[in-house]
Amino acid sequence: MPRPLRFDPPGALHHLMIRGVEKRTIFLDDDDRWDFLERLARLLAELGFVCLAWAFLPNHVHLLVRRQDRGLPQLMARLTGGYAQYFNRKYTRVGHLFQGRYRSRLVEDDADLGGVLAYVLANPVRHRLIRLDELPAFPWSMYGAFCGARPAYGFEAISSVRGWLEGRPGLEVALRSQLAAGDPRDAALEPPEGRALAVWIEETCLRHGLSRATLGSRQRAAASVREELGWRAREAGISNRALARMLGISEGAVRLARRRALVRTGV
């Protein structure tokens, strides 16, 4: 059965999300993020889209865009297709990088727009990548430009967002409140070493040609990766329980991997 066409009239405002296949990391370093950002800026200008908010997370991207003349399929096909070719070429990999079609939701009204703005701008905080007080300096979202912490990029419609909020003071208060609600200060954040390890897990799997879903298997390559990850986690002070949760395997498997790593390294 053919997939249904998306409702995409000119002037429509869309909240878009793309995610790595199997939730895998799509940005392994800042060069990757800059490539995606520059590609996005170029295509938005070329195809006549306006961007009201954006945020990059390790394994997914959020965009809030208004279309003009061209439709979403052309924008997203060129954006994801071009970046996937760059990523696969750089990391010597093949196959899909993104999980299925992009997700798209039409923004219905002003109240909905306020909620989507807050959701996109605070996404790095909501995913515990950073704290709320670090959000203005976070380089991979539009929030820094929105609050005046950095100059706006050419494709960021900051004046449009501020103009929209000026006539609706109640919605600006609600927006600030929703941003603050995304601060997980009262939750146990992963330590910086843990966040670095999460990225390192993806890099290690990619280097060995494995997906995270196979880390618990009996494959020799999977066992080697477990040992490597176990050793790195030990150096970072990550507990067996925390590493097991991150890898989706048992604590016993983590202990065995660490013992083997100790024997192999002679430490």
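Thresholds applied
Residue indices begin from 1 for each chain and proceed along its sequence in written order. In view of the model being predicted, local features appear only for residues whose pLDDT reaches at least 70, and side-chain atom pairs are presented and counted only at 80 or more, with totals across whole chains, interfaces and linings using the full set of residues. Side-chain measures here rest on the full set of heavy atoms in the structure, leaving out hydrogens and waters. Whether a residue is buried, partly exposed or exposed follows from its accessible area with a 1.4 Å probe, protein chains only, as a fraction of its type maximum: under 20%, in between, or over 50%, in that order. Comment: elements are numbered from the N terminus, with helices defined as DSSP H or I runs of at least four residues and strands as E runs of at least two. Any two strands between which DSSP finds at least two bridges are classified as paired. The length a helix should cover is 1.5 Å for every residue beyond the first. Contact definition: two residues touch when any of their heavy atoms are within 4.5 Å. As used in this structure description, the phrase polar contact means that two N or O atoms lie within 3.5 Å; if the pair is within protein, one of them must be able to donate a hydrogen and the other to accept it, and residues adjacent in sequence are counted only when both atoms belong to side chains. Angles shown run from 0 to 180 degrees and are taken between the N-to-C directions of axes, each axis being a line fitted to C-alpha atoms and, for helices, limited to the stretch in contact. By salt bridge we mean one thing: a side-chain nitrogen of Lys or Arg within 4 Å of a carboxyl oxygen of Asp or Glu.

Trainee: What should I look at first to understand the pairing of strand E3 (residues 60-66) in this one?
Mentor: Of all seven residues making up E3, six are buried, and the element is well covered by its neighbours. Relative to E3, strand E1 (residues 13-19) runs antiparallel, the two sharing seven bridges. Within the sheet, the bridge partner assigned to arginine 19 lies in E3 and is histidine 60. Strand direction decides the pairing type here: strand E2 (residues 50-56) and E3, joined by six bridges, are antiparallel. Each bridged residue has a counterpart across the sheet, and for valine 50 the counterpart in E3 is arginine 66. Adjacent in sequence and paired antiparallel, E2 and E3 are bridged by three residues.

Trainee: Looking at this structure, I do not really get helix H1 (residues 30-47). What am I missing?
Mentor: In an α-helix, one full turn covers 3.6 residues, which means residues spaced three or four apart are oriented alike. Here H1 spans 25 Å end to end across 18 residues, near enough to the 26 Å set by a 1.5 Å rise per residue. Of the positions making up H1, those classed as buried are Asp32, Arg33, Asp35, Phe36, Leu37, Arg39, Leu40, Leu43, Leu44 and Leu47. Elements that come into contact with the buried residues of H1 comprise E1, E2, E3 and helix H2 (72-91). Here H1 starts with a cap whose side-chain oxygen sits 3.1 Å from the backbone nitrogen of aspartate 31, and that cap is aspartate 29. Phi turns positive, to about 80°, at glycine 48, one or two residues after H1.

Trainee: Mind showing me how you'd approach the sheet that holds E2 here?
Mentor: Paired through their backbone hydrogen bonds, the strands of a sheet run either parallel or antiparallel. The strand order E2-E3-E1-E4 describes an open sheet built from four strands, whose pairing is antiparallel. In this open sheet, the two strands that pair with only one neighbour each are E2 and strand E4 (103-106). For this sheet, the mean angle separating the axes of adjacent strands, direction not counted, is 15°. Contacting E1, E2 and E3, H1 crosses the sheet at an angle of about 170° to E2.

Trainee: Explain the side chain of asparagine 123 here, please?
Mentor: You can see asparagine 123 is positioned in helix H4 (residues 123-126). For asparagine 123, the contacting residues outside a window of four places in its chain are Ala55, Leu57, His60 and His62.

Trainee: Please explain the pattern of salt bridges as it appears in this structure.
Mentor: With the rule as written, the count across this model stands at seven salt bridges. Residue aspartate 29 pairs with lysine 90 through a salt bridge whose shortest N-O separation is 3.0 Å. Of the two residues, aspartate 29 sits in the loop between E1 and H1 while lysine 90 sits in helix H2, which places them 61 residues apart along the sequence. The exposure class of aspartate 29 is partly exposed, given its relative accessible area of 26%. We classify lysine 90 as partly exposed; its relative accessible area is 33%. Here the salt bridges share partners, and the residues they tie into one network are Asp29, Asp32 and Lys90.

Don't take any of this as a statement about function, it's just geometry.
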